[in-house]
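# Chains, contacts and geometry: an overview
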Amino acid sequence: MPTCRRKRVVLTQPSESLLKSFKTTPDRDVFYLQQTGEIFETYEAYAARMSFYRLKQFQCEVTGKSGLDYFQALASERSEAETLHSRFSEPLKPAVLKAVQFQVVGRLDHLVESVYERFKDRYFKGERVLIDLNGIKYYGQVHTVYPPKYSTDVAARDANKPDADGAEHGAPRPIDNEEPHQIFDDLKTPVKEVNARDDPFLYYYWVLLTDLERDKSDKSKGSKPSDGAEMVGSLMEVQCGRMSRDRLSFSKSILRRFVRDCVDRDAAVASPWTVKPAIAQKYGVTSNMTEDTRNNVEAIKKGEHDKRKKVWEDKDGPPNKKHKKMTAAQEEKAKAAAMKRDRDAQEKLDQQRLAREEAERIAAEKKKKKPIRYPTEDLDVRLTDKDLKAGMKLKRPVPTSHALPFNNHPGLFESFLMAWNFLVVYGQVPCPSNTFQPLHLSPFTLDEFEHAIKHTDVDMFCSLLAEVHSTLIYNLRTVPFARHSAVLSLLQRKDQLQADSMEDEEFFGVNTDQLSAAMSDIGNNWERVPLRHSEGREGWEEALIGCLKDHATRENFPRMREILTKLLFAPEPNEVPEPRESSPSSSRGPSPLERTPIPYRLSVVSTPRERYINLPVHDRIVILSFMVNLAISSKAIHQHMESCEEQLTALRKEKIEVNRTKKQYLEEMNILIGETKEVPVDEDVKMEDPSDMSDVPGSDNGSDSGKSKKGTSRSKDLRQKAQLQAHSKQREAARAKQASVKQALAEHRRLDEEVNKLERRLEAIEREFRKLLGGVRVKPMGKDRFYNRVWWFDGLGSANLIGSGGATQYGAGRIFIQGPSEFDLELMMRRTYDDVPVETRRLEEEGQEGMLGPGDWAVYSDMEELDEFIAWLNPKGQREIALKQALSKWWIHISAGIRRRLQDLNMHAKLPEARRSARTKIAPSHDITREPYMMWANRRAINAT
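These numbers were taken from a predicted model, which means no experiment stands behind them.

Before going further, it helps to examine the overall build of the protein chain. Across its full length, the protein chain carries 30 helices and 18 strands. Expressed as a percentage of the 945 residues in the protein chain, the buried residues total 38%. Taking all contacts inside the protein chain whose residues are at least 6 apart in sequence as the whole, residues at least 24 apart take part in 76%.

Bringing the packing of aromatic side chains into the picture now. Enumeration according to the criterion identifies 35 aromatic pairs in this entry. Both rings, one in tyrosine 116 and one in phenylalanine 250, keep their centres 5.4 Å apart while their planes meet at 15 degrees; by these two values the pair is stacked. Here the residue tyrosine 116 occupies a position in helix α5 (residues 108-119), and phenylalanine 250 occupies one in the loop between β10 (243-244) and α8 (252-262), the gap between them amounting to 134 residues. Assessed through its relative accessible area of 7%, phenylalanine 250 is described here as buried. Looking at arginine 785, its charged tip hangs above the ring of tryptophan 872, at a distance of 3.9 Å from the centre.

Moving on to the UniProt feature "coiled-coil region" (unreviewed entry) in the protein chain. Per the UniProt entry, the sites bearing "coiled-coil region" (unreviewed entry) are residues 641-668 in this numbering. Across residues 641-668 one finds 100% helix and 0% strand; the C-alpha atoms that close the span lie 41 Å apart.

Strand order across the open sheet formed by 4 strands is β15-β16-β17-β18, with antiparallel pairing between neighbours. The sheet terminates laterally at β15 (782-783) and β18 (857-860), the two strands that pair on one side only. Pairing analysis gives 4 bridges linking strand β17 (residues 815-818) to β18, with the strands arranged antiparallel. The residue of β18 that forms the bridge with isoleucine 815 is tyrosine 860.

Two side chains that carry opposite charge are able to pair once their charged atoms sit near each other. Enumeration over the complete set of coordinates arrives at 54 salt bridges. In this structure, glutamate 357 engages arginine 353 in a salt bridge whose closest nitrogen and oxygen atoms are separated by 3.3 Å. Of this pair, glutamate 357 and arginine 353 both sit in helix α11 (residues 328-369), 4 residues apart, roughly one helical turn. On the accessibility criterion, glutamate 357 (40% relative accessible area) is partly exposed. Bridged by salt links that share partners, the residues Arg396, Asp784, Arg842 and Glu846 form one connected network.

A word on unusual backbone geometry. Outside of glycine, negative phi angles account for most residues, and trans bonds account for most peptide bonds. Backbone torsion omega between tyrosine 374 and proline 375 reads 0 degrees, so that peptide bond is classified as cis. Within the secondary structure, proline 375 sits in the loop between α11 and α12 (385-389). Even without being glycine, histidine 440 reaches a positive phi, approximately 50 degrees. A positive phi is found at phenylalanine 508, a non-glycine position, where the angle reads about 55 degrees. Its place among the elements puts phenylalanine 508 in the loop between α16 (485-499) and α17 (512-520).

This paragraph deals with the sheet that holds β10. Spatial strand order, β9-β8-β7-β6-β10: 5 strands in an open sheet with antiparallel pairing. In this open sheet, the two edge strands, each paired with only one partner strand, are β9 (235-238) and β10.

With that out of the way, let us pick up the environment of aspartate 158. Residue position: aspartate 158 is located in helix α6 (residues 154-159). Since its relative accessible area comes to 43%, aspartate 158 is described here as partly exposed. In this structure, the C-alpha to C-alpha distance between aspartate 158 and glutamate 237, residues 79 residues apart in sequence, is 9.9 Å.

Bridge count between strand β6 (residues 128-133) and strand β7 (residues 136-146): 6 bridges; the pairing is antiparallel. Note on β7: the bridge partner recorded for aspartate 132 is lysine 137. The hairpin formed by β6 and β7 contains 2 residues between the paired strands, and asparagine 134 there has a positive phi angle of roughly 55 degrees. Bridge count between β6 and β10: 2 bridges; the pairing is antiparallel. Within β10, the residue paired with isoleucine 131 across the bridge is methionine 243.

Attention now goes to helix α4 (residues 92-100). The element α4 is largely enclosed, with a buried count of 7 among its 9 residues. Considered for burial, the residues of α4 that qualify are Leu92, Lys93, Ala95, Val96, Leu97, Ala99 and Val100. Where α4 is buried, its residues meet α3 (70-87), α5, α8, β11 (263-264), β12 (274-275) and α9 (277-282). In the stretch just after α4, phenylalanine 102 is the one whose phi turns positive, near 65 degrees.

Right, let's get into the packing of helix α19 (residues 560-568) against helix α22 (residues 617-631). Viewed as axis vectors pointing N to C, α19 and α22 meet at an angle of 115 degrees, and their least axial separation amounts to 11 Å. Judged by the sense of rotation from one axis to the other, the crossing of α19 with α22 is left-handed. Side by side, α19 and α22 meet where Ile563, Lys566 and Leu567 of the first sit next to Asp619, Val622 and Ile623 of the second. Taken together, the residues of the contact of α19 with α22 break down into 4 nonpolar, no polar and 2 charged.

One can describe the packing of helix α14 (residues 446-453) onto helix α15 (residues 463-476) by two numbers: an axis separation of 9 Å at closest approach and a directional angle of 95 degrees. With respect to each other, α14 and α15 are oriented roughly perpendicular. Across from Glu448, Phe449, Ala452 and Ile453 in α14, the residues of α15 making contact are Leu464, Leu465 and Val468. The residue makeup of the contact of α14 with α15, split by class, is 6 nonpolar, no polar and 1 charged.

Here the focus is the nonpolar core. Counting residues in hydrophobic clusters, the biggest one holds 78 residues, and the most contacted among them are Phe444 and Phe816. Considering every element that reaches this core, the biggest residue donor is helix α13 (residues 412-425), with 10 residues. Residues in contact with phenylalanine 816, not counting those within four places in the same chain, are Leu404, Phe413, Leu446, Arg789, Val790, Trp791, Phe793, Trp857, Ala858 and Val859. Phe88, Val194, Leu255 and Val259 belong to the second largest nonpolar core, which has 31 residues in total.

Thresholds applied
Residues numbered from 1 in each chain as written. Predicted model: local features only at pLDDT ≥ 70, side-chain atom pairs only at ≥ 80, totals over all residues. Heavy atoms only, no water. Helix = DSSP H or I, 4+ residues; strand = E, 2+ residues; numbered from the N terminus. Buried < 20%, exposed > 50% of the residue type's maximum accessible area, 1.4 Å probe, protein only. Contact = heavy atoms within 4.5 Å. Phe/Tyr/Trp six-rings, centres within 6.5 Å; stacked < 30°, edge-to-face > 60°. Lys NZ or Arg CZ within 6 Å of the ring centre and 35° of its normal. UniProt positions renumbered as here; feature names shortened; annotations may be inferred. Pairing = 2+ DSSP bridges. Salt bridge = Lys/Arg side-chain N within 4 Å of Asp/Glu carboxyl O. Axes fitted to C-alpha atoms, helices over the stretch in contact; angles between N-to-C directions. Left-handed = near helix turned anticlockwise from the far one by under 90°. Nonpolar A, V, L, I, M, F, W, Y, C, P; charged D, E, K, R; others polar. Parallel < 35°, antiparallel > 145°, perpendicular 65-115°, else oblique. Core = buried A, V, L, I, M, F, W, Y, C linked by side-chain atoms within 4.5 Å.

Spelled out as structure tokens, the structure:
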């Protein structure tokens, strides 16, 4: 039930007179409030009650969310109740409700604590549980529960054993009629006493293993999906020591919410907790107190009343006339009794304090034994002194918000960024044949687009402005439209005002009839007018009016009338402000948002070509944002998205093939490295001199006999011949070995070159993948711990990261930070259990200036800030480690784009004007034709007619 100012809202009951009147006049008209079922006699009472329900002062009793009206709080409670009842174990509900029925416990927390301690080790038939078998956890379902009397009778348990698929043998078994865990007595009974009567550790359970528990955060287990899978589908006999429940279905917090949703009690002292009648009927919980239960409740109430009465009587105060004066002996006796009560109370408090300290010590030891597994939720990670000494940053560098263009109007920068991203992504994409290039627009940087939007020089034609509007106009010709929808919308508004007896509205002194007349002859054939690139897109301003006239209405373009008035009417010549020279790139000139204020009255009919140059910047961005939102639904854009999806699929397949080939090459290279580990043998083997091989010295005198000399010579020749053959074989083996090593080294070098080519191809695939993915959806790089989104827009769609010759290219050349969404912010604010509130942490770690709200943007423009931001990211958090990995993956291109942008800004920055001499009559003016946005040319334009 929703609460208002911490009190439950009680529904209004019909008055007795109204109930009596129904008997006499059953057809009487009454006022019925359908959402609550309340009935009121008068409309004033009905309206007052409805006004009360619409006040934003109600609170959801389940979630604690405040600032809601009654119906929102009721819907929130119902949604949370449905989620809670779907999570809580269904077989456990009747047992818990029977246990809390008619219990007299002061606080709900104490009731929940008692129920949790009683049922945490007790399981019921049909429950979904977790089974731990040798460190591997399985999901299972309890099939049969054996009470303690079966703990020593193994034969009886086996006789009632079910089949492997969970079906019983033959006829119904006697054990099916036995109700386990009959412990629904007073919850004040100590747990030890209850367990002594019905020990949960003597229960046996037959459990059917249904699935493996998969830890999503542990990536190392993904490599062994088959560990323990052979046990799935089998029956196990286990005890409660191996069993546990999922924390999402049974914990103290879940149990507290379930009990609070299902029970109620009166406001009287010592009132029992009772299960709500509808829930009691559903789960078979008796709603009638037995005589013993009623006597116990009455005894508790009487004892509580007597205790309060005694405390009141013991208070110091003037003597009551009803009290008799005590004697000295009675006073001494009363003092001794009071001292004894004080001693007993103090001893009880000391025992409770010691027990609480012991429980805290045990909990702290358990917490130390179970270390946190990183990465975890980012807001659960706090920097320690060790982390700070290691160099980690406590405070995030403050991103700059004032450096963003048009950021002084809420939502204007976001619309500007969205329009630029759309134009660049769908401008021109080099794809295979028969692909779609929806806009035929060459890419341009965010700085060039900003300066083009700020362009106000009448004499200088800005090609970028003309090309952007013309390509969008060509695209919107394919989007269905209603002829003269803007005029019809204005006339309908006029008719509504006349029907309400109100005068027609005027904007800048122009009424509906004057605006409709001015619009009637402009841009009527905008969908057929050729806007040729070779002619400078002449007539695009009139075509823009025609496009707005047929596409816009007051509903989809709220500022339609104001902008059309500014484009079709001009002030009187004497009211025109004096022109002042400024260029969009000049930081010294006034802002175009403030430079040309619109006068109060625009009375002279003009042309869009003359008036667009005087249109304020925020109006130009609103027009582009409206046209971009319409162009997204065009057929060309949808066809391009489908083409990108097909190419992304092809790139994914190619990436798999390239990685497979690379892996094969690396394996072959490792084999070749093993073959070349031996040192090659030298090709030139040293040969001994034949004369050194002689064993017998020669005789000069020839005194030996002829036979002996002949035998010695033959032996010597044979020995020399054998040695020559052996050395010849060694040389051949050495040459073959060295040739093999050379061939292996050559093959290794070839494979190394192939691997380098494949790595370059993988890098190209990643860049191409990013470009094509930008044509389908644009996602942030990631989120930090406070859910701030980090964006990098370079390399999407038609934009390239690397140009011809390897030159760096960029689109935005910055890293943008967007504040958390409203959903993420609400998610953070719900963390009420943290030691330090999230708001305090944000002030400490982001600073007052760095805290971004929903819709807020900021930017990092130089490398020092970005380096500090990356050093601030904590890899122990899930979001920040993913963000850090994404930034590291593209770091080369991110840093190169930022440096290149800063170089371009320094190159094109205007030098401060020199001090003018008194003799100089004319000061040299700045040549804006040399600005990058004025030098941009659309090389993808098509002279369509």
